[in-house]
Each structure stands twice: as C-alpha cells, then as structure tokens.
Amino acid sequence: MKAFTYERAKSPAEAAAAVAGREGAKFIAGGTNLLDLMKLEIEAPTHLVDVQDLALDQIEETSDGGLRIGALVSNTALAAHPKVRKDYAVLTRAIVAGASGQLRNKATTAGNLLQRTRCPYFYDPNLPCNKRVPNSGCAAAEGFSRQLAVVGTSDKCIATYPGDMAIAMRVLDAVVETVTPDGKTRTIPMAEFHRLPGDKPWLDNTLGKGELIVSVRLPAPVGGQHFYQKVRDRRSYAFALVSVAAILNDDGTGRVAFGGVAHKPWRVEAAEALLPQGAGAVVAKAFEGASPTEHNKYKITLAERTLAGVIAEARS
Amino acid sequence: MKFDAPAGKNLFDNARIVGKSTRRIDGPLKVTGAAPYAYERHDVVPNQAYGWIVGAGIAKGRITAMDTSDAEAAPGVIAVLAAPKMQPVGSSNFNYAPLFGGSEVTHYHQAIACVVAETFEEARAAAAMIRTRYDRAEGNFDLEANKDAAPMSGEPKTRGDFDSAFASAPVTLDETYHTPGESHSMMEPHSTIASWQGDQLTLWTSNQMIDWAKNALASILGIEAANIRVDSPYLGGGFGGKLFVRADAVVAALAAKEAGRPVKIMLQRPLVANNTTHRQATIQRIRLGAQQDGKITAIAHENWSYNVPSGGSGETATAQTPVLYAGDNRYVAEYCAELDLPEGNAMRAPGEAPGHLALEVAIDELAEKLGMDPIALREVNEPGKTVPGQPQKEFSERNLVRCIKEGAQRFGWSARNAKPGLVRDGRYLVGMGMAAGFRGSPTMKSGARVKLAANGHITVETDMTDIGTGSYTIIAQTAAETMGVPLDHVTVELGDSLYPVSAGSGGQWGAASSTAGVYAACVALRRKIGEALGFDGDAATFADGNIVAGDATHALTDAGAMSAEDTIEFGKFQQDYSIGTYAAHFCEVAVDAYTGETHVRRMLSVCDSGRILNPLSARSQVIGAMVMSVGMALSEELAVDPRFGLFVNHDLAGYEVPVHADIQEQEVVFLDTLDPAVSPLKAKGVGELGICGPGAAIANAIYNATGIRVREYPLTLDKYLDRLPALV
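Residues numbered from 1 in each chain as written. Chains lettered and ligands numbered in written order. Predicted model: local features only at pLDDT ≥ 70, side-chain atom pairs only at ≥ 80, totals over all residues. Heavy atoms only, no water.

Below, the discussion takes up the overall build of chain A. Of the regular secondary structure elements, chain A holds twelve helices and eleven strands. Here chain A has a C-alpha radius of gyration of 19 Å; the compact-globule value for 316 residues is 20 Å, and the two agree. Taken along its principal axes, the extent of the C-alpha atoms in chain A is 55 × 50 × 30 Å. Of the accessible surface of chain A, which amounts to about 12300 Å², a share of 50% is contributed by carbon and sulfur atoms. (Helix = DSSP H or I, 4+ residues; strand = E, 2+ residues; numbered from the N terminus. Rg over C-alpha atoms; globule rule 2.2 N^0.38 Å. Areas by Shrake-Rupley, 256 points an atom, 1.4 Å probe, with all protein chains shown as cover.)

What follows is the structure, given as structure tokens:
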C-alpha cells in the first residue's frame, strides 16, 4: 500500500471539490473493497477524502411514494428496512445474498455500486489487465474465465460487475443522485450508471471526476412477486456465477435483470417483454450477440435454467 | 521403550481418563486469544522488525535485473534482500523447489526479495517499489499434455495376471477420473520470527515437525543443527503444508542476519498457493473386472501426477488400492511427470484422499453395472485376514464391513432408491451415496520428558506439535492416566526443539506415536519413583495421587521432585502387519434440478481407528475432514493457467473452501475397537481417515440423485448442467 494523505469532508460539495482538485484523490466510505485493492496496489490513491461524516445515512420516503436511500446507508440497514422488505423485497434478497454479515455492516449503498470486478487477472499485478493498467492487454479472455462475462464484453475486457445489490436496483429502475465538483446535482438512471468495457475497460461507470453519489432513489413500488436467485459454487460468501433479479406479475409479465454475466447489471427490456413466453425466449433475446468463452458458455444455459426456476416458483 | 510385540493387557484397558471425551486443555487459551501464534509473539525477543517477501512474477526463467534503490531509500527500511545478489540457499531432504537466492526462477511467486522495515506497512510499501525484469522461459505446466511422457515411479505392484483376468471378466469397467490441485489454505499462513545471538538462531514459527525443521534449516542455511532452536507451540492449521520449512522461515533467518535484529515474516495470503506446496492434480485410470456375483477378479489403478524437475513424488493416489478390496489379479502403477508448477507435497492424506475420489466412484459404477447394492458389492469383495495377494501379511485389525453395516443402519441406507434420478423433493433431486475409506496408520519414534514436582504436579515436555488436532489434551490424558493423577494436575509443553524429539504431526501418526512416547517416559518415571521408594514401578498401581505397591501405599509426593525421559521405538514386527484405519462414509445430497447446485444434506462417517483417545476431539478431527471433503468434491480447485504457469485463483475469494452454509448435518461414529499392533495404547489416528472417502460418497450421491456421472472434480454445476432434466 502506498502512503497517502487523508481528510474528512464536511459536506458533499466540499468532498466532490476535494477529489476533483487533486490528482490521484479518491473517496472512501466503508472501504471494504478499496482498502483490499490498496493493499495490493491495484488502487494507489495519493489522497483519500473520507465521506463518513456526511449525513447521508438516512432512508426517507419521497413524495411520489418511493424511497431515497442515503449513500452511506449500510447494506445491513438497507436490507432490514421495513419498507424495503415489504415493497422492494428483491433488494433485500439481493443484499443478503452478498458478502458476509460483517462486510454488509460496513459496506455502504454508494460504495457497493462502485465495487470493482473480481476477475483473478485484475487481482494479480504481475499479469496483463486492461482494467488495472490501461492497454496492458487482457489475460482473462483466453485464460481461466468460468466466472467472467459472456455478454457485452469487448476484446479488451471480459470482467463482470460482481455485486448483487445493483442487479436488484437495476430491475427496480433506481436512480443514482450525485453532487458534482461545481456543487450541482445530477441524476443517473441505473441503466446508465455502469458502463460496458468497450475500448476503456478501466472505466467502470459514468461518474465524472470528483462526482459524489449522495443517494439512490427508488421509484414507487411496482408490486409483483420479488425474487433474487443467486447461483454460486458454495452457498454463501461467493460471487455469483449467474444471478437473477426478477419482479413477476400474476399475468406472466414482469422485469428481470441478470448478474454475474456482464460488466453491468444485465437487463434487456425487449427480452423481459417476452416473459410470458418463458425463460427460453427471455434468455435468447437477452443474450443475443453474447460471446462467451469455452469456460463460461454454461452461463447462458444457467441463466435460462435459473430464470425458469424463478418463473416456476412464481407460479406455484 | 521398545514396542516390539503387540500390546497385551495394560493399564489403558481400565482407563479412567484416556478414551473419555475431554475438552481441550488449551481451549481457554484459544478462545481468549491468549494462545500465542508465531506472528504475534511480540514478547519473545525485543526490537522485532517486519519482513515482506516479494514473489516472482513469472513461473520460469531468470531475473535479468532487479532495482532495489527506491525500496532501500523508502521510509523505515532497514534492509533489502535481493535474491539475485545472494547465493542460493542449500536444500534439504524435504524441499525440492528453491527457497531463496540466485537469479533462476522455477515457480511462480518464488521468493525473490525481502524488505525489512520498522513497520509492517513500511515493509509492504517498499517491497512494491522493487522493479524486477525477467527473461521468461517456456515451461511445462499442463499435466494432461505431459501425461504420456511421464515415467513410472518405481515398479508397478502386480499380482496374478491382470490383463487376462480383465479380458475374460463378464462385467468390466474402464474409466478415468481427474482430481485438481488443492491448496492447504490453513487459517494461519506460514509465519516466522527469526533472531540471531552470535551463531545461535532461534525461530518462533508455525511448523508441524520441529526436528525436521531444525535439521532442514541446518542443511538449507549451512549451519549446525545444534545452533538452531525452533519453537512452535500453537499452529493455526497445517494440513501438511507446514510439515516442511518454507520461505518465511528461511528468509526470516537471512533477513535477521542482514538487518542485525529479529525479523518477523508472515506469507501474505496471495503467496500461499504458489509460493508454498500444494496437493497435485491427478489423472486416474481404473479398470475393474468382476464375475456376475460381484466378485472382483481384476483390479488395475494407474495414476498420473507430477512434481518439480528437481525432485519429489507425485500425488500417489493408488495408495489404498492394494488393500481395500480382494481380487486375485492386480496392477497398480504410479507415473510422475515433471512440471514447472510450484512444488507438490503432502496435504491431508496424501495419495488416499484423491485416490478414493476415483476408486470409490469406480466401485459404485461397478455395482450399478452388476445390479448390486454398493454395500453388498463391498461385502463380497472384503479380503480375508490377509492383504490381497500377500498371504503372509495380516491385517492387524480391520472392521470395514462392520463400519459399513453400522453406517447403513444408522443412515437409513435401505431407503435409497437404487435407480438414479427418481427421488424428488420440490425443485431438488435427492440422492444417497456411500464410500469405503482406508488410510494407513504409520507410527514414528517419539520421545518425551515427564517431570514430577514436589507437590505432585506433572509436566510433560515433548517437541510434539498441536496443529489444532488436540495433541495437548491426549498427551495430558495419557500422562494423567499413567501417573495416576487428575487431568488438571498435568501441564503439557509442546513444540520446542529444546524438548525431546517426538513423532510430530503428520500422516495421522501423531496421536498414536506421541502418546506412546509419553507413556514410555511415564513408565520410566514410575520406575524411578519405585527405585527411590523401594518398589517395582511397573507392578505398582498409580491412582488418585497415590501409589499402591504390594501392601504398601505411598503418596506420589513422597518421591520428591524428579524427572525421566524416554522414547518409544516401534519394532520391525509392525511390518508383518497391515496396520490401517477404516471407515464407511454416507451422504445425502439435494441437487437443484434447475441450477445444478448441490447441497449436502447429511453426512455420516463410521470409523474404525482402534482406541479413540479423546472422542470429543477425534470427532472434531473427522468432522473437519468431512468438511474438507465437501470442498474436494464440490468447489476446491487450484486453477492452472498453462500460459503463465501459475495457480490463478490464489486467494480465498478465488479458491473456495466450504463455508458454514454448506454444512448441514454431520455425524461421526467410532467403533469400539482396539489395535494391539499399533502401540501400547492400541490407538490409531483419525485425522486423515475422515478425508478418505466422503468426497466419493458425495459424488455417488449426486449420481444417485441425478443419474449424471461426472468424473472430473470438483463437481461444479457447469460440468453437468446440460445433462440435467429438461425444463418443462
């Protein structure tokens, strides 16, 4: 870990300006991912702006019947919130499927959205990785890739976004609310928050330099049955091979997003429109143009089978 | 004491302490954090500096340049050791891959530099400033690709005429099974504090075999063994990964010399997989020929594994095959390829653990071909009193069929549907499987010193280690029983090379051997007390702090303070016997019919291991091994990237060991048996028996649940998803 300087910000605008005004500065909240990456020098910030004193740890109802979740609300608190459990159960189920109790106590809502990939080649500084070192190459594409992305990939990167919470937020049409370094606010729909690797896989999301997430807004509840099915190699404390976040209505319609398959939560609205036709139709459409490796092509089959299980459970 | 004939009746046959479930005497220290592990022994020597090892970024080749100038100038840095500027250290009987020094790199994450600094953070930060350039060489990293070129290790074990018997057998099986490399992944990575006083070196470390470590270090560092002290009273797990001296110890010793002060090093977790040793992958071909009645007439087991070009054997997966089943015509062979991967070496039940994953599945497959229950097939092929093909070699004690029957009854085996894929529980396909288990029960010479204090308190000193197994407690039980005092009148001191040399912990020999050594020392002390008080220590009865000798009764304290030392030596007669431990393992799984995820619902192991010294800690040993078996069967795999020659998933996020949620119901039953051929206590180890077979039972249960046979471990869902029932 490289030595760094540290400050605690007093307001969101001040925090944003502090990071924007300094080369190599980063925010830190729970630190559950950033500190691990700093120990390996995959992240090497020169300056950390700690946002934990900002009063962003509340969950409040919005005028349209939705919820505004403060950026610093812990995963544990968010998952346990009565209104989340009642009206946004997919979110609670996704959060408790991730990490461990200890990590969820420390991890924040905004930080979880910014979690970086778990690609093993990203984690080994001796090996080529375009996400870690721009234009150094991608060791994963022809390497050990059974955990990695099958859709929306580029020839520069097949990393996945590893989290669970964001998959549920994508299916809920959440909106990320930010403060920019000039003190203005901005809203980013979840659909546009994470980006595909393309030519610049080192960029995980569409935040600008110094832009600080202050909250995540959930629209009014949409009803339906909520599911988060996470498939993994062991029953806890593992990243998803495939996960399915779904809200299914009695008439067979609904929404579905997939985790563990792409560089972002993978929701294709044209595919979910086919839900009444069953999992096969949805997955065929959602994974149209997929380019899996030999190691991870099973994920498309797995996505279909997992969604089929969810649909069957909804009907039973 | 020489143990040169099977034990007769002795005091352990009327034991009051040995054989009784006893809480660990070191438990309070462990749960209060007061048991000092190597890296946290802040009080043993002042002025400790922190070392950080740099691992090589290539698997094979040469270091062409190493620039340490920035690291040397970094804050807090005391010394930088650069391997290219140093002579390679020596080797020992127990190390094959180079440990430190020179420019040649033979495996990924080989230690190539070490930074010593005032703080941990400074050492780590400075280490990252070292810039190394390499000339990368091509290497062989793929077992499958190098299999056919692998030479046979030693001679094949043959009996009768396998080829003819197999060719003429009415029912045959010929299948190949793959097991992956595995990492010990013990909770405490390898760690050492090293300190020099003149030419005297002290290492506070985490090591299973104190005397091996001392002698290996002497050979590696080129110093006298007499000048080395090794101390390792507590270990956070070993599983064979700490049988040998590794880079932490060697580099800490070199760094402490260079820095002129004590240095502590713990291997960072990402280095454990590639820097240290691992269980090698295997490719196993099994051929079985049987008559219609199930009697096996031909059995062949060939195993291909690997090790580094500089030495070592492969993972000898055929180890159980010569003894587990009858059959007149046999062929067993091991092949060992040379690969440029990290060094392979012992991991819990080396050989048998992956061997059972193949053999015990093959037997299950044969049973189905024969239309027999796998239990009945095993009973039909139970050998007689002697090892198959070796009529002069008797089993000292073997109750495999009892284990199987007892287990079947307890587990409810009769409810199993022999036809696979038919039992549904909601979205799950449910199945049962079983496997037999065998693990050898070797013994090793083991010494101890026993001190009697004037107040009657007993202290045992031996360099035996407790790697989480419960050695402290069984040794205290043995001494309390033999000296006739309550358990809390015994103190046990372990793991210090200043104490008498013991068997150490490995190969499941530790419990039987070390308690026998402690017994020998206690007998010597009893004789000494007898000489002082005028009676025959062997004939007297020591109980409740008193000694009854003939008509006379003495208090133990009458003798005053004294001590005695002895070593148990196991005689050649043991070679006349096959001394082993046996088990039957049962398992029920539920496989999600949609996703293919396997949930292990119930496990049972019935073990035949002679006298169980402490049923409580023995049960923990077997349960731990069953958990490890779940990992072997379902998730653990060191993933090789053959382009770069490394295990890529080198942390605990990528190398998935089981978690609590994976483990539901586990039960362990010990048969009430005694093995007089093994030791005066008639006790054998269990720690490795528990990992010989449960993984195969899981594989067989998955087959019973789904009708899908996967012969490539771990049995992850991607390997059979497309063969699960079609979606409706």
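So, next bit.
Residues and elements named next belong to chain B. Taking strand neighbours across the sheet as the criterion, the five strands line up as S19-S20-S29-S30-S33 in an open arrangement whose pairing is mixed. A single partner strand is all that each edge strand has here, and the edge strands are strand S19 (424-425) and strand S33 (665-670). With ten bridges joining them, strand S29 (residues 580-592) and strand S30 (residues 598-608) adopt antiparallel strand pairing. Counterpart to Ala 583 in the pairing with S30 is Cys 607. Each of strand S20 (428-440), S29 and S30 is contacted by helix H16 (residues 694-706), which is oriented at about 155 degrees to S20, the strand it contacts most. (Pairing = 2+ DSSP bridges. Contact = heavy atoms within 4.5 Å. Axes fitted to C-alpha atoms, helices over the stretch in contact; angles between N-to-C directions.)

Bringing helix H3 (residues 120-127) of chain B into the picture now. An α-helix turns once every 3.6 residues. As a result, residues three or four positions apart point the same way. Those residues of H3 of chain B lying buried are Ala 123, Arg 124, Ala 125, Ala 126 and Ala 127 of chain B. Where H3 of chain B is buried, its residues meet helix H2 (34-39) of chain A together with strand S2 (49-55), helix H2 (69-73), strand S4 (77-82) and strand S6 (111-117) of chain B. (Buried < 20%, exposed > 50% of the residue type's maximum accessible area, 1.4 Å probe, protein only.)

Another point: the packing of helix H15 (residues 615-634) of chain B against H16 of chain B. Residue and element names in this part refer to chain B. In the contact formed by H15 and H16, the axes pass within 8 Å of each other and the chain directions differ by 50 degrees. One finds that H15 runs oblique with respect to H16. For the pair H15 and H16, the crossing hand works out as right-handed. Residues Met 626, Ser 629, Val 630, Ala 633 and Leu 634 of H15 lie in contact with H16, whose contacting residues are Pro 694, Gly 695, Ile 698 and Ile 702. (Parallel < 35°, antiparallel > 145°, perpendicular 65-115°, else oblique. Left-handed = near helix turned anticlockwise from the far one by under 90°.)

Residues and elements named next belong to chain B. Read across the sheet, seven strands follow the order S4-S6-S2-S13-S10-S11-S12 without closing on themselves; strand pairing throughout is mixed. Each edge of the open sheet is held by one strand with a lone partner, namely S4 and strand S12 (228-231). For this sheet the average axis-to-axis angle between neighbouring strands, irrespective of direction, equals 20 degrees. Examined bridge by bridge, strand S11 (residues 200-205) and S12 share four bridges and lie parallel to one another. Opposite Trp 204, over in S12, you have Asp 231 as the bridge partner. Where helix H7 (residues 247-259) meets the sheet, it contacts S2, S4, S6, strand S10 (191-197), S11 and strand S13 (263-266), and its direction lies at approximately 35 degrees from that of S10.

A probe as big as a water molecule, rolled over the atoms, marks out the empty space that is left. Inspection of the entire model under this criterion finds five cavities of 30 Å³ or more. Its volume calculated, the largest cavity comes out at about 190 Å³. Taken together, 19 residues form the lining of the largest cavity, with Arg 232, Asp 233 and Arg 234 of chain A together with Thr 598 and Leu 634 of chain B sitting closest to its centre. Of all elements in the fold, only S30 and H15 of chain B reach the threshold of two or more residues within the lining of the largest cavity. Across the lining of the largest cavity, the residue classes break down as seven nonpolar, six polar and six charged. By volume, the second largest cavity amounts to about 90 Å³. In terms of lining residues, the second largest cavity is bounded by 16 residues, among which Cys 119, Cys 129, Cys 138, Ala 140 and Cys 157 of chain A are the most central. (1 Å grid on protein atoms, 1.4 Å probe; cavity = no way out; pocket = protein on both sides within 12 Å on 5 of 7 lines; lining within 4 Å. Points joined across faces, edges and corners; volume = space filled by probe spheres on them. Nonpolar A, V, L, I, M, F, W, Y, C, P; charged D, E, K, R; others polar.)

Another point: the domain arrangement of chain B. Residue and element names in this part refer to chain B. Taken domain by domain, chain B comprises domain 1 (2-35 + 443-575), domain 2 (39-138 + 189-275) and domain 3 (394-440 + 579-723). Computed from C-alpha coordinates alone, the two centres of domain 1 and domain 3 are separated by 34 Å. Taken together, the contact between domain 1 and domain 3 spans 33 residues of the former and 28 residues of the latter. At the surface where domain 1 touches domain 3, the tally comes to two salt bridges. Notably, a salt bridge pairs Lys 682 with Asp 13, separated by 2.8 Å at the nearest N-O pair. The tally of links between domain 1 and domain 3 comes to 18 residue pairs in polar contact (both at pLDDT 80 or more). Put simply, the parts of the chain that give the side of domain 1 that touches domain 3 at least two residues each are helix H13 (471-483), helix H14 (510-533) and strand S27 (562-570). A per-class count over the side of domain 1 that touches domain 3 returns 13 nonpolar, 15 polar and five charged. (Domains from an automatic or database assignment. Salt bridge = Lys/Arg side-chain N within 4 Å of Asp/Glu carboxyl O. Polar contact = N/O pair within 3.5 Å; in protein donor to acceptor, adjacent residues only side chain to side chain.)

Throughout the structure, instances matching the rule amount to zero disulfides over all chains. There is no disulfide at Cys 129 of chain A, and the cysteine sulfur nearest it, in Cys 119 of chain A, is 5.9 Å away. With no disulfide of its own, Cys 692 of chain B has Cys 607 of chain B as its nearest cysteine by sulfur position, at a separation of 10 Å. Classification of Cys 692 of chain B as buried rests on a relative accessible area of 0%. (Disulfide = S-S within 2.5 Å.)

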